[in-house]
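The primary structure of each chain is shown beneath.
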Amino acid sequence: MSTKGKVKGIISNLVIVEADGPVSQNEICFIVSGGTRLMAEVIKINGQNAFVQVFESTTGVKINEEVEFAGHMLEVTLGPGILSKNYDGLQNDLDKMDGVFLKRGDYTYPLDHDKKWHFKPLAKAGDIVEAASWLGEVDENGMPHKIMVPFVFKGKYTVKSVSDEGDYTVENTIATLVDSNGKDIKVNMIQKWPVKVAITAYKEKPRPFKLLETGVRTIDTLNPIVEGGTGFIPGPFGAGKTVLQHAISKQAEADIVIVAACGERANEVVEIFTEFPELEDARTGKKLIERTTIIANTSNMPVAAREASVYTAMTLAEYYRSMGLRALLMADSTSRWAQALREMSNRLEELPGPDAFPMDLPAVISSFYARAGYVYLNNGETGSITFIGTVSPAGGNLKEPVTESTKKVARCFYALAQGRADSKRYPAIDPIDSYSKYLEYPEFSEYVGKIISETWLDLVNEAKTILLRGKETYEQINILGDDGVPIDYHVTYWKSEVIDFIVLQQDAFDSIDQSTPIERQQYMLTSVLDICRTSFDFDSFNDVTNYFKKAINLYKQMNYSEFKSEKFNKFEQELNDLIAERRIA
Amino acid sequence: MEKTAFQKIYTKISQITKATCSLEATDVGYGELAIVNGKLAQVVKIIGGLVTLQVFGGTEGIPTNAEVTFLGKAPSIKVSEDLAGRFFNAYGDPIDGGPAVEGEERIIGGPSVNPVRRKQPSELIATGIAGIDLNNTLVSGQKIPFFADPDQPFNQVMAMVALRAKTDKIILGGMGLTNDDYLFYKNVFDNAGALDRIISFVNTTDNPPVERLLVPDMALTAAEYFAVEKNETVLVLLTDMTLYADALSIVSNRMDQIPSKDSMPGSLYSDLAKIYEKAVQFPEGGSITIIAVTTLSGGDITHAIPDNTGYITEGQLFLRRDSDVGKVIVDPFRSLSRLKQLVIGKKTREDHPQVMNSAVRLFADAANAKTKLENGFDLTDYDQRCLSFAKDYSEKLLAIDVNIDIDQMLNTGWNLFNTHFKPEEVGIKQELVDKYWPKN
Ligand SMILES: Nc1ncnc2c1ncn2[C@@H]1O[C@H](COP(=O)(O)OP(=O)(O)OP(=O)(O)O)[C@@H](O)[C@H]1O
Ligand SMILES: [Mg+2]
């Protein structure tokens, strides 16, 4: 018999329910209010009273209204058909909802009941299997979607039978397994999993080391992220967090992209709805939307579901990782999720931590980031979840709890600087404050040594040194004046400007410049470093400025041209002539 | 809001604070309206039998034996074509002497638009002001505030923008508007012969501050009616959102909530987002565009109100007095329209993005030159040229009294480049330079 309850108190979307039986922490329940069932989650229990956060507006809810407990935590439904879907934070299929406005209590099925999938068996009768073992696969938008032994299964099972190749719906049985007691268990293509629990049905999680190309130069060249790596992008409003995340989700070398729009603008989600069906994935030729799933809990959608949305997104990523795929998860913005936690914690009258955030915020953030990673599956294959979150610090000040907690766990730090954004130096990632811890991993050095070149990381370090010296020199020039410093200072500064303008700055809205493959990045970095190593002959600092501006202009024209096209070569030739003019032999 | 005969009347208030009162009552819905001693109130908390009401007009003079009746519904407004041309207070009651509006009754602050039912904004809103159209192009379905110190002419600029934008309806949500400003709007709209497409919901400084909390939802519920039902383009003006947020903090502080930054409630982001996210473009042609005002104190944008606003809106417009030309300009550095890339170079001439960027970059170089000058350093020839460019640019393009079309703005830009610079100093794609650089 399932537990029932009655509403005893309402404070905004926190409802106090007196239960008539056992309830568990994080259990889902439904408040039946005037005929509508409002979904809620238990977040605190005190005697017979369950404190539940309602995922909807509580307008009109009355004392003594009925509550039904569901007996399980918040779950997602996993199976083929997740790709290209637009879900809300609770995995309701937004396209299946009627009408222009979201209706309270409208919960829609996340998969398709009737669609037939072409199934190919991978396991055979007699195989010993366990949770996450691959039983077969279907083609989901060209991706081999593995049908697995449900993650909730414990211990070993023997395969009794697997269906023949053919077309099946998600609900058709595709395999029969026998458990250790000799009992038959039928498996179809659907399984459920509670979002707040990590899926750990893999063998081990080694340190990640494979470069994940994003096409964004200041990331790939200067502070690379890896397959299964973690990174975060803090920045004041308007600094370019979302544009950068969208660029990465379009261009990154991932099999699956999950975009969690967490408490941000609806129009930004609409941009994805509009553009991704049109844009092609350069590597596969397929439309971007085919590899993408969107979880939208925009800022006007219920606040409590915002917290759920990031967990929903992470669980979907874990599901695809178990298939041996490279999943990329983007969450914009994790600060909104933290704020949702804060609102609820305040309503529960918990003792507040810094800036009124809950005390356990660092722990919550850290265990979330820990779910990302590169893994060896039980069958020896690999899969990964690369996670990049944005952080929206109040007042742009990085000394605040969400940024500080995230900095402790994320391995790449892409700090967006207001000054760079103001002077339209996009992407506004500060080249000096930002870092990638992966550069320190010997296994990473070895990997890029093989796929790019042995000297690559030396070049990268050289570029970073030039940028740092350029910054220091710039400060000197500002203090002492253009005339107050030797001409050399100007040369040093302008060399760093070449790197800034040509490697760091990238026009996200130009069809060519927006994405740079690693070979091209290598070519340009080598070229730019060549000019940085060259000694020049100048008469005055004015000379220096004019000369480098010309050079930068030519380089920019190269960035805007198709790699090694006639146009590109022409600008390169002009550039070489320009260098020859002033070079000291 | 009238009461009906069969309603139960309570007369035993057990607790009164500055903004709330509590009493034992049954069968009350969360968010429901009530009348307390003739004043409108709303249920904000129910614990067991104890119901807490937020009294919009304040609790001054309310006795413990005051009459309390519950209205059985959340705040609402009647919508129909008859709204057009009318002036209302925060409760939606007429203040223009006209009759009450008949129509379908709608709960205000209703549900959000399903994101998959939205359309990507793509219609440019031309204002004639180059600081906006050239550098920070507005798009229908956008939400954007003016960030301005209280002494800047934001109400004038907003009224000008509203009248030049070709929209079917203009809805004014006035919060803490001075009576003079209210009359200013009324006059401008009247003189422009636009009154029949204007609807106003106004809370003036004479009215209790907590009442303001109803104004945006009133205005936006009316806007949704015209945008969804009538497929009309609606422009909503909200001024001043800082005063709205102040009212939020009054309420939350009186309800003993733990304040976060700048004594604002922890839910400020969500509260503001619920309003601004009502901006929308529908596939059928209807749209809601929100232009708001957020006044700053001493230009501080790190204060919680402008900071949270910036994180929600699609850019912001900064007004600043440029002492070099003695005019109010739209500051090109701190202003931003996030949606401009949906229209510039697409709905406008191809050179728009690059002309815009280069001009702003050169203006930044001028600012650096100015700093140098102030620090007593010599200026280079380039610095000098940047400074004279900046003056022209400010005067001919950034000033809010400019009123030209976008092609003219672009031509003016190229002329200024030609007057002050060589093509390679401007850093624009060669093809565009070849095509548009003035031949002389
Ligand atoms: N790489 C880029 N190239 C050109 N313009 C850019 C780039 N990045 C950002 N911008 C400009 O900056 C604007 C703001 O960027 P974005 O929306 O990504 O900011 P954000 O950091 O996500 O802000 P918020 O915190 O308010 O969401 C964009 O609309 C665009 O005009
Ligand atoms: Mg953003």
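None of the values given here were measured: they were computed from a predicted structure.

## Some details on the overall build of chain B
For step 1, the next point in the chain: Looking only at helices and strands, chain B features 12 helices and 21 strands.
For step 2, the next point in the chain: A globule of 440 residues ought to have a C-alpha radius of gyration of about 22 Å, and chain B, at 25 Å, matches this closely.
For step 3, the next point in the chain: Partitioning the intrachain contacts of chain B with sequence separation of at least 6 by distance along the chain shows that 72% fall at a separation of at least 24.
For step 4, the next point in the chain: Approximately 16,200 Å² of chain B is accessible, and the part contributed by carbon and sulfur atoms is 49%.
For step 5, the next point in the chain: For chain B, the distance from the average site of its 44 positive side-chain charges to the average site of its 57 negative ones is 2 Å.

## A few points about helix H10 (residues 406–420) of chain B
Residue and element names in this part refer to chain B.
For step 1, the next point in the chain: Across its 15 residues, H10 extends 21 Å between first and last C-alpha, which sits within 8% of the 21 Å expected from 1.5 Å per residue.
For step 2, the next point in the chain: Among the structural elements, strand E11 (124–125), helix H1 (130–133), helix H8 (352–374), helix H9 (381–398), helix H11 (423–426) and helix H12 (430–436) are those in contact with the buried residues of H10.
For step 3, the next point in the chain: Looking at where H10 begins, the residue whose side-chain oxygen comes 3.2 Å from the main-chain nitrogen of Asp407 is Asp405.

## Observations regarding the domain arrangement of chain B
For step 1, the next point in the chain: Here chain B is partitioned into domain 1 (9–70), domain 2 (76–341) and domain 3 (352–436).
For step 2, the next point in the chain: Placing a centre on the C-alpha atoms of domain 1 of chain B and another on those of domain 3 of chain B gives a separation of 61 Å.

## A word on the confidence of the model for chain B
For step 1, the next point in the chain: Predicted confidence across chain B gives a mean pLDDT of 93, with 98% of residues reaching 70 or more.
For step 2, the next point in the chain: Confidence estimates for the predicted assembly give a pTM of 0.94 and an ipTM of 0.92.

## Structural notes on unusual backbone geometry
Trans is the prevailing form of peptide bonds, just as negative phi is the prevailing case for residues other than glycine.
Residues and elements named next belong to chain A.
For step 1, the next point in the chain: In this structure, Ser333 follows Asp332 across a cis peptide bond, with omega equal to 5 degrees.
For step 2, the next point in the chain: The residue Ser333 is located in the loop between strand E21 (326–332) and helix H5 (334–347) in this model.
For step 3, the next point in the chain: The residue Gln91 is not glycine, and still its phi comes out positive at about 70 degrees.
For step 4, the next point in the chain: Looking at the element boundaries, Gln91 is found in the loop between strand E8 (86–88) and strand E9 (117–121).
For step 5, the next point in the chain: Among the residues examined, Gln91 registers a relative accessible area of 2% and is labelled buried.

## Focus on the domain arrangement of chain A
For step 1, the next point in the chain: Partitioning chain A into structural domains gives domain 1 (4–73), domain 2 (117–192), domain 3 (221–408) and domain 4 (456–582).
For step 2, the next point in the chain: Here domain 1 of chain A and domain 2 of chain A have C-alpha centroids that lie 36 Å from each other.

## Some details on the sheet that holds strand E15 (residues 175–178) of chain A
Residues and elements named next belong to chain A.
For step 1, the next point in the chain: Spatially, four strands are ordered E10-E13-E15-E16 in an open sheet, and the strand pairing comes out antiparallel. The open sheet has two free edges, formed respectively by strand E10 (128–129) and strand E16 (184–187), since each of these has just one partner strand.
For step 2, the next point in the chain: With four bridges joining them, E15 and E16 adopt antiparallel strand pairing. From the neighbouring strand, Thr176 faces E16, where its bridge partner is Lys186.

## Remarks on the pattern of salt bridges
For step 1, the next point in the chain: A full pass over the atoms with the stated rule returns 52 salt bridges over all chains.
For step 2, the next point in the chain: Residue Glu224 of chain B is joined to Lys278 of chain B by a salt bridge in which the shortest nitrogen-to-oxygen separation is 3.2 Å. Taken together, the positions of Glu224 of chain B in helix H4 (residues 215–229) and Lys278 of chain B in the loop between helix H6 (268–276) and strand E17 (280–281) put the pair 54 residues apart, joining distant regions of the chain.
For step 3, the next point in the chain: In this structure, the salt-bridge partner of Asp401 of chain B is Lys327 of chain B, at a minimum N-O distance of 3.2 Å. Highlighted residues: Asp401 of chain B in the loop between H9 and H10 and Lys327 of chain B in strand E20 (residues 327–330), separated in sequence by 74 residues.
For step 4, the next point in the chain: Look at the salt bridges and you will find they share partners, linking Lys85, Asp93, Lys96 and Asp112 of chain A into a network.

## Notes on the interface of chain A and chain B
For step 1, the next point in the chain: Across the contact, 76 residues belong to chain A and 72 residues belong to chain B.
For step 2, the next point in the chain: Looking at the side of chain A facing chain B, the largest losses of area belong to Phe237, Arg265 and Asn267 of chain A, adding up to 13% of the total buried there.
For step 3, the next point in the chain: At the surface where chain A touches chain B, the tally comes to three salt bridges.
For step 4, the next point in the chain: Here chain A and chain B share 28 residue pairs in polar contact (both at pLDDT 80 or more) between them.
For step 5, the next point in the chain: For the side of chain A that touches chain B, the secondary-structure elements that each account for two or more residues are strand E1 (4–11), helix H3 (266–275), H5, helix H10 (456–480) and helix H13 (541–559) of chain A.
For step 6, the next point in the chain: With eight residues, H3 of chain A is the single largest residue contributor to the side of chain A that touches chain B.
For step 7, the next point in the chain: Taken together, the residues of the side of chain A that touches chain B sort by class into 28 nonpolar, 24 polar and 24 charged.

## A few points about the packing of aromatic side chains
Residues and elements named next belong to chain B.
For step 1, the next point in the chain: Within the structure shown, the criterion is met by 46 aromatic pairs over all chains.
For step 2, the next point in the chain: An aromatic cluster of three or more residues is present, and its members are Phe333, Phe363, Tyr382, Phe389, Tyr393, Trp414, Phe417, Phe421, Tyr436 and Trp437.
For step 3, the next point in the chain: The aromatic ring of Phe87 is capped on one face by Lys186, whose charged end is 4.8 Å from the ring centroid.

Quick notes on the rules
Residues numbered from 1 in each chain as written. Chains lettered and ligands numbered in written order. Predicted model: local features only at pLDDT ≥ 70, side-chain atom pairs only at ≥ 80, totals over all residues. Heavy atoms only, no water. Helix = DSSP H or I, 4+ residues; strand = E, 2+ residues; numbered from the N terminus. Rg over C-alpha atoms; globule rule 2.2 N^0.38 Å. Contact = heavy atoms within 4.5 Å. Areas by Shrake-Rupley, 256 points an atom, 1.4 Å probe, with all protein chains shown as cover. Lys, Arg positive; Asp, Glu negative; His and termini not counted. Charge placed at Lys NZ, Arg CZ, Asp CG, Glu CD. Expected span 1.5 Å × (residues − 1). Polar contact = N/O pair within 3.5 Å; in protein donor to acceptor, adjacent residues only side chain to side chain. Domains from an automatic or database assignment. pLDDT = per-residue confidence, 0-100. Buried < 20%, exposed > 50% of the residue type's maximum accessible area, 1.4 Å probe, protein only. Pairing = 2+ DSSP bridges. Salt bridge = Lys/Arg side-chain N within 4 Å of Asp/Glu carboxyl O. Buried area = accessible area lost by both parts, 1.4 Å probe. Nonpolar A, V, L, I, M, F, W, Y, C, P; charged D, E, K, R; others polar. Phe/Tyr/Trp six-rings, centres within 6.5 Å; stacked < 30°, edge-to-face > 60°. Lys NZ or Arg CZ within 6 Å of the ring centre and 35° of its normal.

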